[in-house]
Amino acid sequence: MRPRWGFCVAATLLSGCAGADPTPSAEASEGEDASGVSILEALDREPSFTQGLEVLDDGTMVHSRGLYGESGIDILSASGEVIRSAELPADEFGEGVTVVPAGATGTASYQPGPTAYQLTWKSGAVHTWSLPDLVEGPTLQIEGEGWGICYDETRDLLWQSDGSSTLRSLAVADLSVLGTVDVTVQTEGGDSRPINQLNELECVDGTVYANVWKSNDVLEIEPETGDVAAVLDLSDVVAEQAPDGAEDVLNGIAYDDRDGTFMVTGKNWDELYRVTFGGS
């Protein structure tokens, strides 16, 4: 059973991706059952501009890198070392990544095993990679900016963010848009207000988790309605890392189905953190 988390005050929620101007988003009400984020372990990693993270069934990880001329995709060992890499074209800026399992709609024709879908920021290109060998498959296309993406196995579709408060649902086969939903939080006054600049995404049992750019918060979102069910405060994780640069923000969240924990990290961080939310 998924634990219940209360809201933290989110009046300072700011968000965004590479180079965009942050936009203030909504206030969240303070809940009675607020609970913390527990750090279980820290793993050393080679610092890079993290844009997406996924944990595979064997504990290895898929990691997406950003920045022009430095973007690419890595396979990390379960202890955080880079064991395989592939590079993106120098004129593309890597963004979020997700893993679609074998047998999902639209994948069988070109990938016999799990496939990584890697967004780019402004080019519209979505690269596909066979796992774990990182052989590149067809390049798909989306309209607009790509920020975060996750595969929702309960609905057999993808959720994609573009830095706004909107999530788009996409068909796995061709990334055609199936629908959109605005992500909002209920305030103490009863208003529904949008949470802007949603970034890296992770899907878990039909729920979408989203980093909010330049904040220490991860949102738990019900994607059918766009309602924010909880705001998870990862300030203790950020304090543990103590990042130096203004761009070295929390970014990267991946669920480990083996034990129900999450791996989180940030841009240019030198550690990955295994955490639990709300005592899970």
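Each value, and the rule that gives it
- Residues numbered from 1 in each chain as written.
- Predicted model: local features only at pLDDT ≥ 70, side-chain atom pairs only at ≥ 80, totals over all residues.
- Heavy atoms only, no water.
- Helix = DSSP H or I, 4+ residues; strand = E, 2+ residues; numbered from the N terminus.
- Buried < 20%, exposed > 50% of the residue type's maximum accessible area, 1.4 Å probe, protein only.
- Areas by Shrake-Rupley, 256 points an atom, 1.4 Å probe, with all protein chains shown as cover.
- Pairing = 2+ DSSP bridges.
- Axes fitted to C-alpha atoms, helices over the stretch in contact; angles between N-to-C directions.
- Patch = residues over 30% accessible without salt bridge, like charges linked within 9 Å, V, L, I, M, F, W, Y side chains within 5 Å.
- Salt bridge = Lys/Arg side-chain N within 4 Å of Asp/Glu carboxyl O.
- Lys, Arg positive; Asp, Glu negative; His and termini not counted.
- Charge placed at Lys NZ, Arg CZ, Asp CG, Glu CD.
- Polar contact = N/O pair within 3.5 Å; in protein donor to acceptor, adjacent residues only side chain to side chain.
- Contact = heavy atoms within 4.5 Å.
- Phe/Tyr/Trp six-rings, centres within 6.5 Å; stacked < 30°, edge-to-face > 60°.

Asker: Tell me about the overall build of the protein chain, and please be specific about residues and values.
Answerer: Each helix and strand in the protein chain was counted, giving one helix and 22 strands. Classification of the 280 residues of the protein chain by burial places 57% in the buried group. In the form shown here, the protein chain has an accessible surface area of approximately 11200 Å², with 46% of it arising from carbon and sulfur atoms.

Asker: Tell me about the sheet that holds strand 9 (residues 136-141), and please be specific about residues and values.
Answerer: Pairing is antiparallel across the open sheet formed by four strands, whose spatial order is 6-7-8-9. On the outer flanks of this sheet lie strand 6 (94-100) and strand 9, each paired with one strand and no other. Along the sheet, successive strands turn relative to each other by an average axial angle of 25°, direction set aside. Looking at chain direction, strand 6 and strand 7 (residues 115-120) are connected through five bridges and run antiparallel. Across the sheet, the residue bridging to Thr98 is Tyr117, located in strand 7.

Asker: So what's going on with the pairing of strand 7? Which residues, and what values?
Answerer: A large share of strand 7 lies buried, amounting to six of its six residues. Residues Thr115, Tyr117 and Leu119 line one face of strand 7 and the alternating positions Ala116, Gln118 and Thr120 line the opposite face, and both faces are buried. Bridge count for strand 7 against strand 8 (residues 125-130) is five bridges, and the pairing is antiparallel. Directly across from Thr115, in strand 8, lies its bridge partner Ser130.

Asker: Before we move on, could you go through the environment of Leu232 and cite the residues and values that matter?
Answerer: Residue placement: Leu232 occurs in strand 19 (residues 227-233). Given the relative accessible area of 4%, Leu232 is considered buried. Along the sequence, Leu232 and Val218 sit 14 residues apart, while their C-alpha atoms lie 5.1 Å from each other.

Asker: Tell me what's going on with a negative patch on the surface, and back it up with residues and numbers.
Answerer: On the surface, a cluster of negative charge is made up of Asp57, Asp58, Glu153, Asp205 and Asp257. Mapped onto the elements of the fold, Asp58 is located in the loop between strand 2 (50-55) and strand 3 (61-65).

Asker: Describe in detail the side chain of Gln160, supporting the description with residues and values.
Answerer: Relative to the helices and strands, Gln160 is located in strand 11 (residues 157-161). From its side chain, Gln160 meets the backbone oxygen of Glu145 in a polar contact 3.1 Å long. Polar contacts involving the side chain of Gln160 include one to the side chain of Arg168, which spans 2.7 Å. Those residues in contact with Gln160, other than ones at most four positions away along the chain, are Leu119, Ile142, Glu145, Gly146, Gly148, Ile149, Thr166, Leu167, Arg168, Leu170 and Leu201.

Asker: Describe the packing of aromatic side chains, naming the residues involved and giving the relevant values.
Answerer: Under the criterion given, the structure shown has eight aromatic pairs. On the basis of an interplanar angle of 85° and a centroid distance of 5.1 Å, the ring pair of Tyr68 and Phe93 is categorised as edge-to-face. With Tyr68 in the loop between strand 3 and strand 4 (72-76) and Phe93 in the loop between strand 5 (82-87) and strand 6, the pair connects residues that are 25 residues apart, well separated along the chain. Looking at Tyr68, the relative accessible area reads 44%, which means it is partly exposed. Ring geometry for Tyr209 and Phe262: centres 5.3 Å apart, planes at 65°, overall edge-to-face. Residue Tyr209 is found in strand 17 (residues 207-212), and its partner Phe262 is found in strand 21 (residues 261-266); the two are separated by 53 residues along the sequence. Across the pair, exposure class does not vary: Tyr209 and Phe262 are buried alike. In textbook terms, an aromatic cluster arises when at least three aromatic residues are bridged by ring pairs, as seen for Phe49, Tyr68, Phe93 and Trp121.

Asker: Describe in detail the sheet that holds strand 13 (residues 177-182), supporting the description with residues and values.
Answerer: Strands sit in the order 10-11-12-13 across an open sheet of four strands; the sheet is antiparallel. Strand pairing shows two members of the sheet lacking a second neighbour, strand 10 (148-152) and strand 13, which therefore form its edges. Direction aside, neighbouring strands of the sheet carry axes that sit 25° apart on average. Pairing analysis gives five bridges linking strand 10 to strand 11, with the strands arranged antiparallel. Within strand 11, the residue paired with Asp152 across the bridge is Leu157.

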